[in-house]
Amino acid sequence: MLMLMEQTNLFHLRILLAILLLPLLIPATPSEDRRRIFDDQTTLLNSRGKMMKRDNDLFKNWTADPSPGVCSWMGVSCTSNPNKRVQGLNLSGMGLHGTIPPELGRLSALVHLNLSNNSLEGDFPVAICNLSSLKFLDLSKNNLSGWIPEEVEQLKDLTHLSLANNQFNGSIPENINHLENLELLDLRSNNLSGEFPGKSLSNLSLTYFNVSNNKLKGKVPCGGNFTKFPKDAFESNDDLDCHCPPLYNARRTSLFVCGFMGISIGLLALGFAFVVLKRFLAAVNSYKKLHKATNGFHESNKLKPEGKFGSVYKGSLSRPQDEEEAAQKEIVVAVKVFKLEEIELKNFEAESKRLRGLGSPPNLTPVIDRCSLTSLAMVMGRGTYSEFKALVMKFMPEGSLEGCLHSGKCSQLDIKRRLQIMIGVASGLEYLHERGLLHGDLKPSNVLLDEDMVAHLSDFGITKSEKQQPPSDVEQDARPKKLHPTVYSDPEYWTKTSTKSDVYSFGIMLMETFTGKKPTDKMFGEELSLRDWVKEALYSSTVHQVVEAGLIREEEFKAKVVECVTSILKLAVEIVECSEELAADRIVVECSEELAADRMDIKYVVEKLKTIRDEQLPQTHR
């Protein structure tokens, strides 16, 4: 009997343990998933006030409104699995101030953290070292100070660490060699001192390394991992010895071999000098022509407004002598003179050649010529010119689509004309995308109109290959400055730019073209956006109230006209928000986790717009 009681008690004890362990074995429920993403949103909202001013675009974009959700916030990216979590924060160059909030250490799923190019102050927050999944950390180009904490060794998965251009002091932690996956380490331009930890760092498989402009001392080990880094990676450390003795004694070379090598090098140098001189003289001649054509780049020839990358001047060039005799002896051109600090000088030649190599498709602004003068030390007239970069393009007399839409010039354009302009923009994008190129900054000011109101894409000098994703900010010193996101930018702008990013921008432009409202109009704000306004009009069948006044005139207010405009605006919503279905008389937008992947291809957009033009546009408008 006693044995039976003991067995019964043991059975009850097992049941009790199973009940206690059951919550640990059951996977997270949807409510728990929602709680986790809500916790991430709360963490970012609590961090907002510590590093943003109220007039900052991020401060206005990061709101507690649950409808868009934290994953749609500017600079925020989330995981693509069903258990959504914040995995990326790319806030580079967003005008942040104050200190780095330690609350960021609660974003346990964070993989990518970029706070570079801001005005952040204070210490390296130790709480960040709790982010066990972190792989990319960039705090460069701020005003951070203090020591690099020993706790950084906890970031076992870290592959990129950049603290460059700050005011960190103290020594480099010896235990940094515990970061076995580290590939990039940039500590340049700080106040780091102490002994150089060569032995610890030599165990890492680094592909990029830089400690220049510090106060380190000691000796850089010769051989091993450090042989692949250039000498300038260690420069401006007065007490750091990075000179290694020769690894072998060179054998004496015969006088004949030395003489032959000297003559060969001399001939090569002469040939190279001849080629450089020939190109230089050609560039000088090209500059003189542009200088004359634009009246010395006079203010009266400057086309407004001035862009981020430079100024555009109107000018007249003589036609080449090898062209057939024409009635017009001169050709009107637009000369874009680049701001040298805003473009990648060493890739300017290759980039401009690629633009000219695109040919002259009907919906891209043709690049007629280019002019590049580097390190030119000569006086022409009263001005001295050292460097000059410019592209010569065909002049578009009707200006930009933005000017046309918002200055009254487009008020007489009917539905057909506007639709044809947007078909032209889409066709230009299709031409670029078929060649693996992106526009990257599509907006109405970058769409130019010729004398026949045909649309031409411009300012695609920053065009990149879809495979060439932006490198880390450590490598940005040798590339163009990345544009800040605009109201036309894809929500995935900070994480990955693709052809679908151009498609998103096109969708916003399509709404603007037919409503006449800018996305930045004063009627829009945190609670109402242009696309929300258009969606509500589609749902409530009040499209005629959002279309620009006069586009649907009273005498033309017929079902066919409304149906046509409705199809155009519905397509715009579908472009911006992936895919849509009409259910219970309401537009339901459904997107998978990968927003850009669901967005339609520009080729389909062109076909859809042409179908609307050919089949739905009323006969009187064709």
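The structure this text deals with has already been given above.
We now turn to the structure provided with this report. (Residues numbered from 1 in each chain as written. Predicted model: local features only at pLDDT ≥ 70, side-chain atom pairs only at ≥ 80, totals over all residues. Heavy atoms only, no water.)

Our focus in this paragraph is the pairing of strand β16 (residues 330-338). Of the pairings in the sheet, the one linking strand β15 (residues 310-318) to β16 comprises 9 bridges and is antiparallel in character. Its bridge partner being in β16, V312 is matched across the sheet by K336. In this sheet, strand β20 (residues 388-394) lies alongside β16 in antiparallel orientation, the contact comprising 5 bridges. Bridge pairing links K336 to L391 in β20. (Pairing = 2+ DSSP bridges. Helix = DSSP H or I, 4+ residues; strand = E, 2+ residues; numbered from the N terminus.)

With that settled, consider the environment of T294. Structurally, T294 can be placed in the loop between α5 (255-293) and β14 (302-303). Residue class for T294 comes out buried when judged on its relative accessible area of 0%. When near neighbours in sequence (up to four residues on either side) are disregarded, T294 contacts N301, Y313, K314, G315 and V335. (Buried < 20%, exposed > 50% of the residue type's maximum accessible area, 1.4 Å probe, protein only. Contact = heavy atoms within 4.5 Å.)

Our focus in this paragraph is the packing of helix α8 (residues 415-434) against helix α14 (residues 602-616). Where α8 meets α14, the closest approach of the two axes is 9 Å, and the angle between their N-to-C directions is 155 degrees. When the axes of α8 and α14 are compared, the pair comes out roughly antiparallel. When the axes of α8 and α14 are compared, the crossing they make is left-handed. Judged by residue contacts, L419, Q420, M422, I423, A426, S427, L429, E430 and H433 of α8 engage I602, K603, V606, L609, K610, I612 and R613 from α14. (Axes fitted to C-alpha atoms, helices over the stretch in contact; angles between N-to-C directions. Parallel < 35°, antiparallel > 145°, perpendicular 65-115°, else oblique. Left-handed = near helix turned anticlockwise from the far one by under 90°.)

What follows is about the sheet that holds strand β3 (residues 112-114). In space, the 7 strands of this open sheet follow the order β1-β2-β3-β5-β7-β9-β11, with mixed pairing throughout. In this open sheet, the two edge strands, each paired with only one partner strand, are β1 (76-78) and β11 (208-210). With direction set aside, neighbouring strand axes in the sheet form an average angle of 15 degrees. In this sheet, strand β7 (residues 160-162) lies alongside strand β5 (residues 136-138) in parallel orientation, the contact comprising 3 bridges. Pairing of D138 across the sheet is with S162, part of β7.

Negative charge collects at one region of the surface, where E150, E151, E174 and E195 lie side by side. Secondary-structure assignment places E150 in the loop between β6 (143-147) and β7. Residue class for E150 comes out partly exposed when judged on its relative accessible area of 46%. (Patch = residues over 30% accessible without salt bridge, like charges linked within 9 Å, V, L, I, M, F, W, Y side chains within 5 Å. Areas by Shrake-Rupley, 256 points an atom, 1.4 Å probe, with all protein chains shown as cover. Salt bridge = Lys/Arg side-chain N within 4 Å of Asp/Glu carboxyl O. Lys, Arg positive; Asp, Glu negative; His and termini not counted. Charge placed at Lys NZ, Arg CZ, Asp CG, Glu CD.)

Where strand β4 (residues 121-122) lies against β6, 2 bridges are found, and the strand directions are parallel. Bridge pairing in β6 places E121 opposite N143. As judged from the 3 bridges shared by β6 and strand β8 (residues 167-170), these two strands associate in the parallel manner. When the bridges of β8 are listed, W147 appears paired with N169.

What follows is about the side chain of E512. Mapped onto the elements, E512 comes out in helix α9 (residues 499-515). Within the buried set, E512 has no salt-bridge partner at all; the shortest N-O distance to an opposite charge, 6.1 Å, is to K518. Leave out the neighbours within four places in its chain, and E512 touches L405, H406, P444, Y488, K517, K518, P519 and L530.

Function cannot be read off these values alone, since they describe shape.
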